[in-house]
Amino acid sequence: MHSVSISLAGITKKQVDRASSAPLPTGTICLFASYAPDGDLPVHTRFYLKNLLTCGVILHVILSGADTIHESTQRFCNDLGIHVWKRPNGGLDFGAWQFLLQKGLAEGAPYILFANDSVFGPLAPLPPLLKTLSANQRPAWGLVASRAVTPHLQSWFVGLSQAAFQSAPVQHVLKLPFEDMSRDEIIWHGELGLSVALKAADIPLHAAWSDLNTPVARFFPANPMHTHWRDIVQTKAVPFLKQELLRDNPFRVPHLKDWRALISAESGFDPDWIETYLGQHPPRPLTCHPTWKGRALYSIMNRLDRLQWQKDRRRGAAR
């Protein structure tokens, strides 16, 4: 595959300069998992990485499935002081993070941020979000906490203090043989298991957006990045869109084209990056087919979310 062919407009030096008062302590590391079999980072992922740097992290990017690192990506990382690694694909994100952890990168870091390339964004600055989250004071946090299956932090953006990271239950999870597991097993033992481990260590789950205590979610648990995607972006609570939603739409939720209206010019994120990605990545075959009840639930919740979003837009236009 050819390297990045879309414009770099929208990525500015101002967005990559480290914040004068970073929201995370000095020495915090970010382990970023990216599936990149051609060894090249797409422009929307580069935008995300630049924004992560504004949080003051030491950034390590792992390219899973890559035999070599593309010259363009190597140059990009060198220019910004990003450490880039490559590895055979296996174990999904937890396998990638495990690969980096085995290098001893987390030793002595006050916080370890685990992130991946499964989202588009950020569509708003990250430092204010992490400050609101009190990320420098909480032992464990994520951007989204969900009751789907079991209460958990969605693993695409999770931070652990060194003490939380070193707790025995968390260490047990992070040392599991992810490369020998199926995707479903990794979700159960990795994403869900990590939050179970945190609770076993008596560490609360803290998130920017959470439905852990909402009555509706107790009876109808769902993935908020699929059911409340407009609201959480519009309010800037979680300024990201899940690639899975826009690419695969597993629950067949309506009106997905609304996503363009959520991206402001001030964000610096070019919506054409999403169009390019979707044109290059057709929907993936579903590994689990939702029931008609599940599709109906997601459809209803999306319609309610859209009505609230439209109401908020009208209110904003009237001001």
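Residues numbered from 1 in each chain as written. Predicted model: local features only at pLDDT ≥ 70, side-chain atom pairs only at ≥ 80, totals over all residues. Heavy atoms only, no water.

Draft legend 1. Quick look at the overall build of the protein chain. In terms of helices and strands, the protein chain carries 14 helices and ten strands. Since a compact globule built from 319 residues should have a radius of gyration of about 20 Å, the 19 Å found for the protein chain is in line with a globular shape. Along the first, second and third principal axes, the C-alpha set of the protein chain runs to 50 × 45 × 40 Å. A burial count over the protein chain gives 54% of its 319 residues as buried. Counting contacts in the protein chain only where the partners sit at least 6 residues apart, residues at least 24 apart contribute 76% of the total. Accessible surface, the protein chain as shown: approximately 15,000 Å² in total, 54% of it carbon and sulfur. Taking the 33 positively charged and 26 negatively charged side chains of the protein chain as two groups, their mean positions are separated by 7 Å. (Helix = DSSP H or I, 4+ residues; strand = E, 2+ residues; numbered from the N terminus. Rg over C-alpha atoms; globule rule 2.2 N^0.38 Å. Buried < 20%, exposed > 50% of the residue type's maximum accessible area, 1.4 Å probe, protein only. Contact = heavy atoms within 4.5 Å. Areas by Shrake-Rupley, 256 points an atom, 1.4 Å probe, with all protein chains shown as cover. Lys, Arg positive; Asp, Glu negative; His and termini not counted. Charge placed at Lys NZ, Arg CZ, Asp CG, Glu CD.)

Draft legend 2. Molecular detail of empty space enclosed by the protein. Applying the stated rule across the entire model yields one cavity of 30 Å³ or more. Its volume calculated, the largest cavity comes out at about 40 Å³. For the lining of the largest cavity, the per-class residue count stands at six nonpolar, one polar and no charged. (1 Å grid on protein atoms, 1.4 Å probe; cavity = no way out; pocket = protein on both sides within 12 Å on 5 of 7 lines; lining within 4 Å. Points joined across faces, edges and corners; volume = space filled by probe spheres on them. Nonpolar A, V, L, I, M, F, W, Y, C, P; charged D, E, K, R; others polar.)

Draft legend 3. The arrangement of the pattern of salt bridges in detail. One pass over the structure, following the stated rule, counts eight salt bridges. Across the salt bridge formed by arginine 87 and glutamate 179, the nearest N and O atoms sit 3.0 Å from each other. Here glutamate 179 lies in the loop between α7 (168-174) and α8 (183-200) and arginine 87 lies in strand β3 (residues 83-87), a separation of 92 residues in the sequence. Residue arginine 87 is classed as buried on the basis of its relative accessible area, which comes to 2%. We note a salt bridge from aspartate 272 to arginine 260, for which the minimum N-O separation is 2.8 Å. With aspartate 272 in helix α13 (residues 271-280) and arginine 260 in the loop between α12 (243-247) and α13, this residue pair connects regions lying twelve residues apart in the sequence. Judged by relative accessible area, which is 35%, arginine 260 ranks as partly exposed. Via salt bridges that share partners, Arg230, Asp258 and Arg306 belong to a single interconnected network. (Salt bridge = Lys/Arg side-chain N within 4 Å of Asp/Glu carboxyl O.)

Draft legend 4. Fine view of the side chain of threonine 45. Take threonine 45: it is sitting in helix α2 (residues 43-53). The exposure class of threonine 45 is buried, given its relative accessible area of 4%.

Draft legend 5. Structural view of the packing of α2 against helix α3 (residues 71-80). Viewed as axis vectors pointing N to C, α2 and α3 meet at an angle of 15°, and their least axial separation amounts to 12 Å. On the basis of the axis angle, α2 is roughly parallel to α3. Two packed elements cross with a definite hand, and for α2 against α3 that hand is right-handed. Together, Arg46, Leu49, Lys50 and Leu53 of α2 and Ser72, Thr73, Phe76 and Leu80 of α3 make up the contact between the two elements. Each residue belonging to the contact of α2 with α3 can be placed in one class, and the counts come to four nonpolar, two polar and two charged. (Axes fitted to C-alpha atoms, helices over the stretch in contact; angles between N-to-C directions. Parallel < 35°, antiparallel > 145°, perpendicular 65-115°, else oblique. Left-handed = near helix turned anticlockwise from the far one by under 90°.)

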